[in-house]
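What follows is the residue order along each chain.
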Amino acid sequence: MEGNRWRQALARTRRTAFGRLASLVGATDLSSAFWEGLEETLVQADLGIKIAQTLITDLKEISRAEGLTRGDQILERLHTLLLRSLEMVPNPEPEMRPLVIILVGVNGSGKTTSAARIAHRWLSSGDKVMLAAADTYRAAASEQLEIWGDRLGVEVITGQSGSDPGAVVYNAAQATLARDVDVLIVDTSGRMHTEHNLMAELQKICRVAGKVIPGAPHQVLLVLDATTGQNGLAQAQAFTDAVDVTGVIVAKLDSSARGGVGFAINSVLGLPIQYVGFGETLEDLSAFDAEAFVDGLLAESETVPRHEFPAPNPHSINSNS
Amino acid sequence: MLSAGRSLSAKQTVRRLVCQSWCAKMFETLTERLQGVFRNLSRRGKLRPADVDTALQEIRLALLEADVHYQVVKDFLETVREESLGEDISRSLNPAQQVVGILNRELIVTLGEPAPLTLVGEKPRAIMLVGLQGSGKTTTAAKLARWLRGHGERVWMVAADPRRPAAAEQLKVLGDEIGVPVFFDPKLSPPNLCEAGKEEASKGGASVVILDTAGRSQLDQPMMEELRDIRDAIHPVEVLLVADAMTGQEALRIAQGFQEPLGLTGMILSKMDGDARGGAAISMRVVTGVPIKFIGTGEARDALETFDPNRLASRILGMGDLRGLYEKAEGSFDMDQAGQQAARLLQGEFTLEDFLEQLAMMRRMGPLGKLLEMFPTGFGGANLQVDGNVAERQLIRTQAIIQSMTSDERRRPDLLNASRKRRIASGSGTTVQEVNQLLRQYKQMRRMFKKAGKRGMTGLPFKLR
Ligand SMILES: Nc1nc2c(ncn2[C@@H]2O[C@H](COP(=O)(O)OP(=O)(O)OP(=O)(O)O)[C@@H](O)[C@H]2O)c(=O)[nH]1
Ligand SMILES: Nc1nc2c(ncn2[C@@H]2O[C@H](COP(=O)(O)OP(=O)(O)OP(=O)(O)O)[C@@H](O)[C@H]2O)c(=O)[nH]1
Ligand SMILES: [Mg+2]
Ligand SMILES: [Mg+2]
């Protein structure tokens, strides 16, 4: 199972499931400390305070209705509740060929690396793959993708630095048809979801792809950095508004962050998580697995002891306000 | 015209217009939310504990939604509570303003004063940039190099990232663009590479050398070891953590994870040009105690600013980056024209021509989405934030409606009867309802300006700095 690689990667950064919470279970069952600990765990996983509070309200309701008295029972229900919210399974991989996949997202989230990793996946299922470097803006972005292309033995269509990314996509789509490519993967430049012009550029990229290859893009994947906080929701909202995002890739899940905003995006916007990335090599990407994700969400979340906070400097108040 | 004695500069007037006509209507600020909480509070004596606690609940939500760490929020609210209970209700402020004031003050204290780079000791002085993958180190290295050169330094950069594909290439391209030499040697390990780079820079007469290290997780022991080796070989005057402003709860442990083994001297918060609240800054500052030295505000080479705690505090509280907005407004308004217009507006002579002009000014200030981010947002959470695109589209429609009117109609909107409205609607591709709606808005604004003119500066919802 490919989920195993993911779990192994997580095992390096996560300790026991329910980590700190598990220690609250026992003598202090369903005390206010238990509920607060639960809230803390959920918030620290970046689920957001609103989702955390909703989950807790639901759990309290369940415990009343079912007469639950023990913390471990609640944790079990929580697990189920989270899994059920994630039922939104990833879309099946499209069957049509040529298949056009476009990766979008804010700056530095992991698009280029994910493009290479997705190329690797399609290659191993026997498809002929092509990469398009539609990031003509960032310094050496094409070179970065070209290096991945070399390693994969995959052709990379590039454009001049500063040239129109739409033109790169046009050329790549033409080349896809001409060379009988099965899967074209387009890497776009990172852009803040608040930049109207750049979002319009993305719309154009999608249009151009569709002009050459009817129905394209078949997959638009939003790459989200797992360390992102509540802003991830605004990102997902804006990218979904601009283009037909079909799913999310939560990259960098091997970091110490739990990627809870991926859950929030899934439950608030109904966007499925398609893949997760958990490292910097070609193998470090796997299809989404709700169980593994939920386990990761609830894994140990240590608190920082109070005494480690240095006191703020009283002389640092700015006087000009 | 305005008399000189009113001492309202054109700039201030414009600020007020922008502020009143847009933010007051569109957004609910934390102050307003708290106003609701405090509505029944008596105006005399100290703030009552129960009222303060209700207010703190609201504040707690706002801070958590801004991504401030759970534990940090808890400690922080304790301080604000104590401060609030100790304070007498002042006559000039209502309780909500007062609590927000305390909160704001505490945030500013916590965020700390902006600190300069410490460039001391033997040259070249090394600045080491560290951080997670993709946080913005390489881009920031180039921005910093450009900034330092502008301050008279002779800068070199060292590409100490042999891992990420084309990382050195990226730095070289940036170096070429800004005219700063870049040292790289793929055969050397990062610590040796940094040493060699520093030596080379020294020979080249550099006064500062910036080390761009590879992104890494703070949990990765061997990689953290590597950073220590670099530090011990180079003795940098600054070890700066470059952190993404969009970071969530984990910011605290990330910062701690770099601080403990390395001993940071400061932080740079990148990607502040998005609409993230930036609460991560609070967590990182609290856990490391080191100052935030710069913020990154875009991908361009000049998108680096010195840190301003006042601005960040307002932003974390969802009160918007008002100062940033004013600066933007100043850049795009013709002050004389705006001043004259403002004077007329305040006397209640606000025509649809003026309205149109205002809209044009708004649009000149850049994409509306970007502008809106700078306004205070209620704290409904990211998903409830006002959609810049929708607002922008509305703005364009409004403009189209006014542009379809004759100049007579623009000056005297009461001329607009049903058949004229139908003509305007079809001319602008809108509906009569939309035309009516616009007229209602216009009348409302005219009333507001007239009131503002009578009241002077006190009508402002926010303190101007
Ligand atoms: N640990 C870890 N690092 C990752 C992962 N995905 C990407 N990275 C690293 O994150 C950094 C940024 O990745 P890129 O793929 O260049 O990100 P991007 O979204 O293309 O960035 P821009 O094009 O600049 O917007 C690189 O150092 C990658 O090696 C992941 O799943 N885990
Ligand atoms: N919008 C915006 N983008 C930024 C800012 N700073 C950096 N970036 C972008 O963020 C992405 C990642 O930046 P890099 O400088 O490559 O990040 P890095 O930390 O060197 O990445 P690694 O070396 O892979 O760890 C690039 O697309 C940059 O253009 C900023 O302040 N605002
Ligand atoms: Mg990229
Ligand atoms: Mg880099």
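For clarity, every value in this text was computed on a predicted model and none was experimentally measured.

### Observations regarding the overall build of chain A
Right, so step 1: A count of helices and strands for chain A gives 12 helices and 8 strands.
Right, so step 2: Across chain A, every contact between residues at least 6 apart in sequence was considered, and the portion connecting residues at least 24 apart equals 77%.

### Remarks on the domain arrangement of chain A
All names here are of chain A.
Right, so step 1: Entries for chain A in the domain assignment read domain 1 (3–85) and domain 2 (99–288).
Right, so step 2: Facing 11 residues of domain 1, the contacting portion of domain 2 comprises 18 residues.
Right, so step 3: For the side of domain 1 that touches domain 2, the element with the highest residue contribution is helix α1 (residues 3–13), accounting for 5 residues.

### Digging into the sheet that holds strand β4 (residues 208–213) of chain B
Residue and element names in this part refer to chain B.
Right, so step 1: Within the open sheet, the 8 strands sit side by side as β3-β2-β4-β1-β5-β6-β7-β8. Their pairing is mixed. Edge positions in the sheet fall to β3 (182–183) and β8 (304–306), since each of these pairs with one other strand and no more.
Right, so step 2: Bridge count between strand β7 (residues 292–296) and β8: 3 bridges; the pairing is antiparallel. For Ile295, the partnering residue across the bridge sits in β8 and is Glu305.
Right, so step 3: Across the sheet, helix α9 (residues 221–234) is in contact with β1 (125–130), β2 (155–160), β4 and β5 (238–244); its angle to β1 comes to roughly 170°.

### A few points about the site of ligand 2
Right, so step 1: The environment of ligand 2 is made up of 26 residues, and the closest members are Asn107 and Gly108 of chain A together with Thr138, Gly215 and Gly296 of chain B.
Right, so step 2: Those residues lying near ligand 2 are distributed over chains A and B.
Right, so step 3: Of the residues contributing to the shell around ligand 2, the split by class is 4 nonpolar, 15 polar and 7 charged.

### A short note on the nonpolar core
Right, so step 1: Of all hydrophobic cores here, the largest spans 192 residues; its most connected members are Ala132 and Val186 of chain A together with Met157, Ile210 and Leu211 of chain B.
Right, so step 2: Examining the composition of this core, we find that 9 residues originate from one element, helix α5 (residues 95–111) of chain B, more than from any other.
Right, so step 3: Residues contacting Leu211 of chain B, with those up to four places away along its chain left out, are Ala126, Ile127, Met128, Leu129, Val158, Ala160, Cys194, Ile230, Ile234 and Pro236 of chain B.
Right, so step 4: Counting 8 residues, the second largest nonpolar core, distinct from the first, contains Phe355, Ile402, Ile424 and Leu438 of chain B.

### Section: the site of ligand 1
Right, so step 1: Among the 26 residues in the neighbourhood of ligand 1, the closest are listed as Thr113, Gly190 and Gly277 of chain A together with Gln133 and Gly134 of chain B.
Right, so step 2: Nearby residues place ligand 1 at the junction of chains A and B.
Right, so step 3: Among the elements that take part in the shell around ligand 1, helix α6 (residues 111–124) of chain A stands out by supplying 3 residues, more than any other.
Right, so step 4: Looking at the shell around ligand 1, its residues break down into 4 nonpolar, 14 polar and 8 charged.

### Let's talk about unusual backbone geometry
Excluding glycine, most residues fall at negative phi; most peptide bonds, likewise, are trans.
Right, so step 1: Put simply, Arg97 of chain A and Pro98 of chain A share a cis peptide bond, and its omega is -5°.
Right, so step 2: You can see Pro98 of chain A is positioned in the loop between α5 (71–85) and β1 (99–104).
Right, so step 3: In this structure, the amide linkage connecting Lys123 of chain B to the following residue, Pro124 of chain B, adopts the cis form with an omega of -5°.
Right, so step 4: Residue position: Pro124 of chain B is located in the loop between α5 and β1.
Right, so step 5: Positive phi is not limited to glycine here, since Lys271 of chain B has a value of about 60°.
Right, so step 6: Considering the arrangement of structural elements, one finds Lys271 of chain B in the loop between β6 (266–270) and α11 (280–288).
Right, so step 7: Residue class for Lys271 of chain B comes out buried when judged on the 29 C-beta atoms lying within 10 Å of it.

### Looking at the environment of Met284 of chain B
Residues and elements named next belong to chain B.
Right, so step 1: Positionally, Met284 belongs in helix α11.
Right, so step 2: Residue Met284 is classed as buried on the basis of its 28 C-beta neighbours within 10 Å.
Right, so step 3: Discounting residues that sit within four places of it in the chain, Met284 has contacts with Ala243, Ala251, Leu252, Ala255 and Met267.

### Examining the pairing of β6 of chain B
On any regular strand, side chains alternate: one points to one face of the sheet, the next to the other face.
All names here are of chain B.
Right, so step 1: The buried fraction of β6 is high, at 5 of 5 residues.
Right, so step 2: Because side chains alternate across β6, one face comprises the buried residues Gly266, Ile268 and Ser270, and the other comprises Met267 and Leu269, equally buried.
Right, so step 3: Where the polypeptide runs from β5 across helix α10 (residues 251–262) and back to β6, its parallel neighbour, the crossover connection is right-handed.
Right, so step 4: Direction of pairing for β6 relative to β7: parallel, over a ladder of 3 bridges. Residue pairing for β7: Ile268 is matched across the bridge by Phe294.
Right, so step 5: Regarding topology, α11 serves as the crossover connection from β6 to the parallel β7, and that connection is right-handed.

Calculation notes
- Residues numbered from 1 in each chain as written.
- Chains lettered and ligands numbered in written order.
- Predicted model: local features only at pLDDT ≥ 70, side-chain atom pairs only at ≥ 80, totals over all residues.
- Helix = DSSP H or I, 4+ residues; strand = E, 2+ residues; numbered from the N terminus.
- Contact = placed C-beta atoms within 7 Å.
- Domains from an automatic or database assignment.
- Pairing = 2+ DSSP bridges.
- Axes fitted to C-alpha atoms, helices over the stretch in contact; angles between N-to-C directions.
- Near = placed C-beta within 6 Å.
- Nonpolar A, V, L, I, M, F, W, Y, C, P; charged D, E, K, R; others polar.
- Core = buried A, V, L, I, M, F, W, Y, C linked by C-beta atoms within 7 Å.
- Buried ≥ 20, exposed ≤ 12 C-beta atoms within 10 Å, placed from the backbone.
- Right-handed = clockwise from strand over helix to strand, strands pointing away.

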